[in-house]
Amino acid sequence: MPGYATGRELPGAVAPGAPGEDLDEDVEFWGLLYLDPLLELRLLTAETTGRAESAPGTRPPGEVLSAAAPALTADDRLRRLLDAAGLAEDFAAAVSAVLTADDCRRFLRAPAEGTGPAELARAFVAEAVRRRTERQGPATALDGTARDEAVARIAGLLPGPSATGDEPGTHRGPVTRRIKRLTGRLALGLASAQAVRRRSALTDAAHPAAGDVLLYLARGGPIREFVAAAVAEAEPPVVLLAHSLGGIAALDLLVLRPLPQVELLVTVGSQAPFLYELGALPSLEPGSPLPAHVPRWLNVYDRRDLLSYLGAGVFPGRVRDIALDSRQPFPLSHSAYWSNPELYRVLAEELP
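Note that the coordinates shown come from a computational prediction; the quantities given were computed from them, not determined experimentally.

Some points on the pairing of strand β1 (residues 238-243)
Part 1 of the argument: Of the two faces of β1, only the one carrying Val238, Leu240 and Ala242 is buried; Val239, Leu241 and His243 on the other face are not.
Part 2 of the argument: Here β1 runs beside strand β2 (residues 262-268); their pairing, made up of six bridges, is parallel. When the sheet's bridge partners are listed, Val238 is paired in β2 with Val262.
Part 3 of the argument: The parallel pair β1 and β2, bridged by helix α12 (residues 245-256), forms a crossover whose chirality is right-handed.

A look at the pattern of salt bridges
Part 1 of the argument: Inspection of the entire model under this criterion finds 20 salt bridges.
Part 2 of the argument: We note a salt bridge from Asp252 to Arg224, for which the minimum N-O separation is 3.9 Å. With Asp252 in helix α12 and Arg224 in helix α11 (residues 221-233), this residue pair connects regions lying 28 residues apart in the sequence.
Part 3 of the argument: Glu350 serves as the salt-bridge partner of Arg320, at 2.5 Å between the closest nitrogen and oxygen. With a gap of 30 residues between them, Arg320 in strand β4 (residues 319-324) and Glu350 in helix α14 (residues 341-350) connect regions that are remote in the sequence.
Part 4 of the argument: A single salt-bridge network, built from bridges that share partners, covers Asp36, Arg42, Asp103 and Arg106.

Some details on the sheet that holds β1
Part 1 of the argument: Ordered by their spatial adjacency, four strands build an open sheet running β1-β2-β3-β4, and the pairing between neighbours is parallel. On the outer flanks of this sheet lie β1 and β4, each paired with one strand and no other. Direction aside, the axes of adjacent strands within the sheet are offset by 20° on average.
Part 2 of the argument: Along the sheet, α12 makes contact with β1, β2 and β3 (296-302), crossing β1 at roughly 140°.

What about the confidence of the model for the protein?
Should pLDDT be low for a region, the predicted coordinates there are not to be read in detail.
Part 1 of the argument: Across the protein, the average pLDDT comes to 79, with 72% of residues at or above 70.
Part 2 of the argument: The model gives residues 4-20 a pLDDT under 50, and that stretch makes 25 contacts with residues more than four places away or in other chains.
Part 3 of the argument: Within the model, pLDDT remains below 50 along residues 180-199, and this stretch shows 24 contacts once partners closer than five positions in the same chain are excluded.

A word on the nonpolar core
Part 1 of the argument: Counting 41 residues, the largest nonpolar core has Phe91, Leu120, Phe124 and Ile154 as the members making the most contacts within it.
Part 2 of the argument: Only α1 (21-35), α2 (39-47), α4 (76-85), α5 (88-100), α6 (102-109), α7 (117-136) and α8 (144-157) provide two or more residues apiece to this core.
Part 3 of the argument: Of all the elements, α7 adds the most residues to this core, at nine residues.
Part 4 of the argument: The residues touching Leu120, leaving out its near neighbours within four places in the chain, are Leu41, Leu65, Val98, Cys104, Phe107, Leu108 and Leu158.

Things to note about unusual backbone geometry
Part 1 of the argument: With omega at 0°, the peptide bond leading from Pro236 into Pro237 counts as cis.
Part 2 of the argument: Turning to its location among the elements, Pro237 is positioned in the loop between α11 and β1.
Part 3 of the argument: Despite not being glycine, Ser244 has its phi angle at roughly 55°, a positive value.
Part 4 of the argument: Tracing the backbone shows Ser244 in the loop between β1 and α12.
Part 5 of the argument: In this structure, Arg327 takes a positive phi of about 60° despite not being glycine.
Part 6 of the argument: Within the secondary structure, Arg327 sits in the loop between β4 and α14.

Considerations on the packing of aromatic side chains
Part 1 of the argument: In the structure shown here, the tally under the stated rule is five aromatic pairs.
Part 2 of the argument: Arranged with centres 5.5 Å apart and planes meeting at 35°, the rings of Trp30 and Tyr34 form a pair that is tilted. With Trp30 and Tyr34 both in helix α1, this residue pair falls four residues apart, about one helical turn.
Part 3 of the argument: What makes Trp30 buried here is its relative accessible area of 0%.

Rules of the game
- Residues numbered from 1 in each chain as written.
- Predicted model: local features only at pLDDT ≥ 70, side-chain atom pairs only at ≥ 80, totals over all residues.
- Heavy atoms only, no water.
- Buried < 20%, exposed > 50% of the residue type's maximum accessible area, 1.4 Å probe, protein only.
- Helix = DSSP H or I, 4+ residues; strand = E, 2+ residues; numbered from the N terminus.
- Pairing = 2+ DSSP bridges.
- Right-handed = clockwise from strand over helix to strand, strands pointing away.
- Salt bridge = Lys/Arg side-chain N within 4 Å of Asp/Glu carboxyl O.
- Axes fitted to C-alpha atoms, helices over the stretch in contact; angles between N-to-C directions.
- Contact = heavy atoms within 4.5 Å.
- pLDDT = per-residue confidence, 0-100.
- Core = buried A, V, L, I, M, F, W, Y, C linked by side-chain atoms within 4.5 Å.
- Phe/Tyr/Trp six-rings, centres within 6.5 Å; stacked < 30°, edge-to-face > 60°.

And the structure:
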């Protein structure tokens, strides 16, 4: 993770009780929702103390909500948001699955006062993410801000109050308090069934990357040659932009071979600094400095991405670490860089 080894003190980490802790709680809560999209509805149902009485001649609020939800996909703006997030294909099925689930039906029988649209919106989006991840693996490039925009649009299209007065993407008030009572911080809930499922998800997310790295360490030559050929064909000045394992291969190549046409290396979510400290970076012995011919290097990381590492403490004066925050839990944080507008702002400022 960022900060491991030399850079142990994690830049941007939030201490308990400090400003910004709510955001970390929101990210952790989304991590739970991606595993169990009905969790919030179930907890809210448990919080409800009695059945709300409707005025004579009016439809119960839950019935109005469930009747309106299937029409969400007719909204052009929402379709654009879902398309951009890669969730459009799974959204209609996600809505249907949530609405027909027993936990949702119980919630809709008597929604707690001030709840309904935002809670359903989060369940719909979380179920869509879960379905896409199940189909394609944990490569959903969904930034937390984009996710919250979709949630806000859904909540705005559904009839009823706008949740608990917070932004639709956040989880504060009685729900967060109950989550804390039941599970504490996510890191402290390791004995729960949710955490067991989460450990499985984390393992599934990490092992393809680990396997790719091991393959590269055993047979990295052809990968480096492929990158070198692409550099030779490109018109200078050349920028190498590499994600995850690509950052290892790109750095290795630039250490082993002077490529003066490359003016900038940008690694995103890369493990290269960690491999160097382990003595496993093929091109460089641990303790050896970067050769002078290695170009300027920007290393983009997300403190929530367990597969990204800091480089400035490992290569002092030769690499600049840039922190981004996708507001997504791992493993989605490892691929969410590409849907984060901040990455492209950084690139626009730095490209030669």
